[in-house]
Amino acid sequence: VGHDVCIPHDISFDARFPRLITLGGGILIGGGSTLKAHTLKKTGKGIQLTIGKVELKERTMCGGMAILLPGSVINKHSMLNLYATLDTATGEGELWAGTPAKNIHTFSPEEIEKYFKPATKDKEEQKKYYAEFRQKVDAFIKNPSQTYLKIYYNGSRAGPGNDWFRARNVFRIFFNG
């Protein structure tokens with residue numbers, strides 16, 4: 001597991017072959033996803049066992065409820081969509097979706113910069129970002145006609161999944177749940 005990896009609730013890792021799963025730095029895996037390094041399939045001759053590596057390279061995203069099968073690789077700056085099933089390797093800078101997953105979009109350099117830019121390390125820039133973030137969240141909470149809040153992340157961690165607690169009070173989230 002690399003640095004600044006965001007692994008939320010209910011991720012199912014292969015219990016029999018966990019060493020075949022590699023998570024690079026700065027990745028985000030959506031909730032309810034399954035990473036399988038082996039599968040069993042019934043054939044006419046018996047049961048076929050397939051074993052293979054599952055790898056998420058540096059700065060990738062995997063949508064929720066996705067399934068990564070043996071031999072699947074999400075390459076750098078690529079995304080796997082919600083409810084997708086991947087059993088092969090993606091190219092760099094691609095969006096894959098479907099069951100089985102197929103390439104549906106290749107990201108431009110501007111899109112890669114927008115979606116996969118590493119978090120800033122400059123402390124003054126981080127202070128400015130979090131001050132603006134707090135102002136936007138406060139304005140959002142006070143304005144009932146605003147139905148969504150869109151903020152491009154530039155915090156101190158790998159991704160917004162690691163700063164979720166800043167948007168709402170943790171105790172309020174727990175109480176509502």
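In this report, the structure presented in the accompanying data block is examined. (Residues numbered from 1 in each chain as written. Predicted model: local features only at pLDDT ≥ 70, side-chain atom pairs only at ≥ 80, totals over all residues. Heavy atoms only, no water.)

**Quick notes on the pairing of strand 6 (residues 46–51)**
- For strand 5 (residues 38–43) and strand 6, the ladder comprises six bridges, and the chain directions are antiparallel. Residue Thr-39 lies in a different strand from strand 6, and its bridge partner there is Thr-50.
- Between strand 5 and strand 6, which pair antiparallel and follow one another directly, the connecting turn spans two residues. (Pairing = 2+ DSSP bridges. Helix = DSSP H or I, 4+ residues; strand = E, 2+ residues; numbered from the N terminus.)

**Quick word on the nonpolar core**
- Leu-23, Leu-35, Leu-56, Cys-62, Leu-68 and Leu-80 are the most contacted members of the largest nonpolar core, which has 19 residues in total.
- For this core, the elements supplying multiple residues, two or more each, are strand 2 (21–23) and strand 7 (54–56).
- Dropping the residues within four chain positions of it, Leu-23 is found in contact with Val-1, Gly-2, Val-5, Ile-7, Phe-13, Ile-29, Leu-35 and Leu-56. (Core = buried A, V, L, I, M, F, W, Y, C linked by side-chain atoms within 4.5 Å. Buried < 20%, exposed > 50% of the residue type's maximum accessible area, 1.4 Å probe, protein only. Contact = heavy atoms within 4.5 Å.)

**A word on helix 2 (residues 123–142)**
- With 20 residues, helix 2 extends 29 Å from end C-alpha to end C-alpha; this agrees with the ideal 28 Å at 1.5 Å per step.
- Burial in helix 2 covers these residues: Gln-126, Tyr-129, Tyr-130, Phe-133, Val-137 and Phe-140. An end-on view of helix 2 places all buried positions within 95° of arc, on one side of the element. The exposed set on the far side of helix 2, more than 90 degrees from its buried face, consists of Glu-124, Lys-127, Lys-128, Gln-135 and Lys-142. (Expected span 1.5 Å × (residues − 1). Arc of directions from axis to C-beta.)

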